[in-house]
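Commentary on secondary and tertiary structure
So you can see what is in the structure, the chains are spelled out below.
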Amino acid sequence: MTFINKLSAAWTANDSLLCVGLDPDMAKLPAQFQNDPQGIFNFCREIIDATADLACSFKPQIAYFAALSAEDQLEQICAYVREHYPHIPLILDAKRGDIGATARQYAREAYDRYGADAVTVNPYMGSDSVEPYMEWSDRGVIILCRTSNAGGSDLQFLDVGGKPLYQHVARLVAEKWNSNGQCALVVGATFPEELAQVRAIVGDMPLLVPGIGAQGGDIAATVTSGRTANGAGMMINSSRAILYATPNAGEDFATAARRVAEETRSAINQYR
């Protein structure tokens, strides 16, 4: 099954546009995981189990694992998702960008080592830095377009033939780069007007949308700006707000994470 087919099925099966980000920060993990050699894996596994029926995708951010020399635990997490929740797309958030030969190695890392269904990439070096990912014809390539951080405007709003650069990127991907039909774009929830512009350019292409939850993006504006005609087309990511949800009385961390994930999915579905 291709990335796009798996994603479409997950949107329907879980009635969800919610992507659960896995960004393990040792300083924020519950106490029982602090001195556990397998703490990162065990924490993420419990989050995955608590939210798997509420999510359309899981998105581990590789830097949070690599900074702790925990790539082996990331491999275990990816294997766990593939074994227990094979119907849910696994997105490796790596934002790679390099020349063709090196890009091919990054693609091997994402698709072969970690078994990801899709990987995020940076288009700054142009088409030949993206093409190697297309050699895995069933896997997704999620390309940065209009990012959720304020500094993204430093480059993404540069004029390119009368249009801002982010719109040029969206058009390139939609019209020239999407040779396998497995591309998606990263567009931040913090800029709903630009999100609507991208949707108008790319049609039904999926959008990975960071910026709700801890980053403060407005759910109503995000969904109404980015949804497709059938009320899908988006992977709206929330990481910290779910992972480190404050437990209510009688809740443990996983129950709190599930509660916030369910509340987030319900809030998104109000506007689909």
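Residues numbered from 1 in each chain as written. Predicted model: local features only at pLDDT ≥ 70, side-chain atom pairs only at ≥ 80, totals over all residues. Heavy atoms only, no water.

Under the convention used in this document: UniProt positions are given in the numbering used here, feature names are shortened, and annotations may be inferred rather than shown by experiment.
Under an unreviewed UniProt entry, the name given to the protein chain is Orotidine 5'-phosphate decarboxylase, and the source organism is Duganella levis. Of the comments in the UniProt record for the protein chain, the one headed Pathway (unreviewed entry) reads "Pyrimidine metabolism; UMP biosynthesis via de novo pathway; UMP from orotate: step 2/2." Here is the UniProt Sequence similarities (unreviewed entry) comment for the protein chain, exactly as written: "Belongs to the OMP decarboxylase family. Type 2 subfamily."

**A look at a nonpolar patch on the surface**
Cut-off, in case you're wondering: To count toward a patch, a residue needs a relative accessible area above 30% and no salt bridge. Like charges then connect within 9 Å, nonpolar side chains (Val, Leu, Ile, Met, Phe, Trp, Tyr) within 5 Å. We get accessible surface area from the Shrake-Rupley algorithm with a probe of 1.4 Å; when it comes to residues, only the shown protein chains can shield them. By convention in these notes, a salt bridge is any Lys or Arg side-chain nitrogen within 4 Å of a carboxyl oxygen on Asp or Glu. Helix and strand definitions here come from DSSP, where helices need a minimum of 4 consecutive H or I residues and strands a minimum of 2 consecutive E residues; each element is numbered from the N-terminal end. Accessibility here uses a 1.4 Å probe with only protein chains present; expressed as a share of the type maximum, an area under 20% marks a residue as buried, one over 50% as exposed, and anything in between as partly exposed.
Nonpolar side chains collect at one region of the surface, where Ile99, Tyr124, Met125, Leu155 and Leu158 lie side by side and expose about 530 Å² of accessible area between them. Summarising the element assignment, tyrosine 124 is placed in the loop between strand E4 (118-121) and strand E5 (140-146). Under the relative-accessibility criterion, tyrosine 124 is labelled exposed at 67%.

**Overview of the UniProt feature "active site" (unreviewed entry) in the protein chain**
To be explicit about the condition: Contact definition: two residues touch when any of their heavy atoms are within 4.5 Å. A 3.5 Å cut-off defines polar contacts: any pair of N or O atoms within that distance qualifies, except that in protein one atom must be a possible hydrogen donor and the other a possible acceptor, and neighbouring residues in sequence count only when both atoms are side-chain atoms.
UniProt tags Lys95 as "active site" (unreviewed entry). Within the element layout of this structure, lysine 95 appears in strand E3 (residues 91-96). Lysine 95 sits in the partly exposed class, given a relative accessible area of 38%. Ignoring anything within four residues of it in the chain, the contact list for lysine 95 reads Gln61, Thr120, Val121, Asn122 and Leu144. Of note is the side chain of lysine 95, whose polar atom sits 2.8 Å from the side chain of aspartate 93.

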